[in-house]
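Each chain, letter by letter, is given below.
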Amino acid sequence: SRYNELITDRLKEGAIQTLLRHGADPNAIDTYAVPGSWEIPLIARECAQSGEYDAIICLGAVLQGETSHAQHISSAVCSALMHLMLETGKPIALGILTEATFEQALERAGGKMGNKGSEAALSAIEMAHLLRTIGESL
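Residues numbered from 1 in each chain as written. Predicted model: local features only at pLDDT ≥ 70, side-chain atom pairs only at ≥ 80, totals over all residues. Heavy atoms only, no water.

1. Considering the overall build of the protein chain
Argument step 1. For the protein chain, the count of helices and strands is five helices and four strands.
Argument step 2. The globule rule puts the C-alpha radius of gyration for 138 residues at 14 Å, and the 15 Å found for the protein chain is close to it.
Argument step 3. Seen through its principal axes, the protein chain has C-alpha atoms that stretch 50 × 30 × 20 Å.
Argument step 4. Across the 138 residues of the protein chain, 35% fall into the buried class.
Argument step 5. For the protein chain, the proportion of contacts with a sequence separation of at least 24, taken over those separated by at least 6, is 71%.
Argument step 6. Computed over 10 positive and 17 negative side-chain charges, the separation of the two mean positions in the protein chain equals 3 Å. (Helix = DSSP H or I, 4+ residues; strand = E, 2+ residues; numbered from the N terminus. Rg over C-alpha atoms; globule rule 2.2 N^0.38 Å. Buried < 20%, exposed > 50% of the residue type's maximum accessible area, 1.4 Å probe, protein only. Contact = heavy atoms within 4.5 Å. Lys, Arg positive; Asp, Glu negative; His and termini not counted. Charge placed at Lys NZ, Arg CZ, Asp CG, Glu CD.)

2. Quick look at the pattern of salt bridges
Pairs may arise between side chains of opposite charge once their charged atoms sit close together.
Argument step 1. Applying the stated criterion to the full structure yields four salt bridges.
Argument step 2. Salt-bridge contacts for Asp54 lead to Arg132; the nearest nitrogen and oxygen are separated by 4.0 Å. Here Asp54, found in the loop between helix 2 (40-50) and strand 1 (56-61), pairs with Arg132, found in helix 5 (residues 116-137); they are 78 residues apart in sequence, far enough to count as distant. (Salt bridge = Lys/Arg side-chain N within 4 Å of Asp/Glu carboxyl O.)

Spelled out as structure tokens, the structure:
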């Protein structure tokens, strides 16, 4: 998502660099920017149902504010993505940060806590490979 772009740009860069390091064709990596994390499941569904992708990597940052809004958003988005993954059988990697502060999110977007975008990309690679392996053995 574009919301909290300083964070999500770092997540996206981490994910793309990880995909490339693991042999992904740069021309096979498509990115779609949505306004916020709330909109991610709709685009993820379109990608998963298209049959064009081995996996979907969802990146965003939902930061805690003064109300419970962040919990509602992150819970609904995570639930929608889990249901979508099970419904479509397509790996959907969750790289949506749900941190209390902007600083905590920055630490998880390429700081001392690593890059959760990169971790999501690794998960997508592993799950796509595992599903392909299972499909070949059936």
